[in-house]
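So you can see what is in the structure, the chains are spelled out below.
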Amino acid sequence: MQLDLFTHRKPATVHAFPLDRRRKLVNDAAEALNAKSYSQGKAHWTRLVNRIRKEMLASGLSVQMIESEIAAFADAVSRELNISQHYRGSDGAA
């Protein structure tokens, strides 16, 4: 008699790489927002966040985890924008 090895499987657990640690994603978002007007940037951000939310939902993440990830991502993009504006606005003097 052959045992059925697949009857007692636990469901998979998805561990997404934190959005705020995805440097290319953070940098690309900050650069795009920096290059756009306020209204264009707002529309771009909305599309980006909606796409990310949809991908994370499809991966099986909870709404609470998705919102937490998006908040951390928004903070990382904000920090990147502040850094780039600080250095771009300075005259090179320390």
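Residues numbered from 1 in each chain as written. Predicted model: local features only at pLDDT ≥ 70, side-chain atom pairs only at ≥ 80, totals over all residues. Heavy atoms only, no water.

A. The arrangement of the overall build of the protein chain in detail. The secondary structure content of the protein chain amounts to 3 helices and 0 strands. Going from N to C terminus, the protein chain has its helices and strands arranged as α-α-α. Looking at the 94 residues of the protein chain, the share that counts as buried comes to 21%. Restricting to contacts in the protein chain with at least 6 residues of sequence separation, those with at least 24 account for 65%. (Helix = DSSP H or I, 4+ residues; strand = E, 2+ residues; numbered from the N terminus. Buried < 20%, exposed > 50% of the residue type's maximum accessible area, 1.4 Å probe, protein only. Contact = heavy atoms within 4.5 Å.)

B. Seen up close, the pattern of salt bridges. All told, the structure shown has 4 salt bridges when counted by the stated rule. For Arg 23, the salt bridge is made with Glu 80, and the minimal N-O distance between the two is 3.0 Å. Here Glu 80 lies in helix H3 (residues 63-89) and Arg 23 lies in helix H1 (residues 23-35), a separation of 57 residues in the sequence. Look at Arg 23 and you get partly exposed, because its relative accessible area is 40%. A salt bridge links Glu 55 to Arg 51; the nearest nitrogen and oxygen atoms lie 3.0 Å apart. With Glu 55 and Arg 51 both in helix H2 (residues 38-58), this residue pair falls 4 residues apart, about one helical turn. Judged by relative accessible area, which is 39%, Arg 51 ranks as partly exposed. (Salt bridge = Lys/Arg side-chain N within 4 Å of Asp/Glu carboxyl O.)

C. Fine view of the environment of Glu 67. Here Glu 67 is to be found in helix H3. Each C-alpha atom, one on Glu 67 and one on Arg 53, is 8.2 Å from the other, the two residues being 14 residues apart in sequence.

D. Examining the nonpolar core more closely. Core analysis: the biggest nonpolar cluster contains 17 residues, and Leu 19, Ile 52, Phe 73 and Val 77 have the highest contact counts within it. Those elements that provide at least two residues to this core are H1, H2 and H3. Excluding residues within four positions of it along the chain, Leu 19 makes contact with Leu 25, Val 26, Ile 52, Met 56, Glu 69, Ile 70 and Phe 73. (Core = buried A, V, L, I, M, F, W, Y, C linked by side-chain atoms within 4.5 Å.)

E. Geometry of the packing of H1 against H2. Their axes nearest at 9 Å, the elements H1 and H2 cross at an angle of 155°. If you check the angle between H1 and H2, you find them roughly antiparallel. Residues Leu 25, Ala 29, Ala 32 and Leu 33 of H1 form the contact with H2, whose participating residues are Gly 41, His 44, Trp 45, Leu 48, Arg 51 and Ile 52. Tallied by class, residues from the contact of H1 with H2 come to 7 nonpolar, 2 polar and 1 charged. (Axes fitted to C-alpha atoms, helices over the stretch in contact; angles between N-to-C directions. Parallel < 35°, antiparallel > 145°, perpendicular 65-115°, else oblique. Nonpolar A, V, L, I, M, F, W, Y, C, P; charged D, E, K, R; others polar.)

F. Local environment of H2. In this model, H2 (21 residues) spans 30 Å end to end at C-alpha, consistent with the 30 Å of a helix rising 1.5 Å per residue. Among the residues of H2, those classed as buried are Gly 41, Leu 48, Val 49, Ile 52 and Met 56. Seen end-on, H2 carries its buried residues on one side only, within an arc spanning 95°. Opposite the buried face of H2, at more than 90 degrees from it, the exposed residues are Ser 39, Arg 47, Lys 54 and Ala 58. (Expected span 1.5 Å × (residues − 1). Arc of directions from axis to C-beta.)

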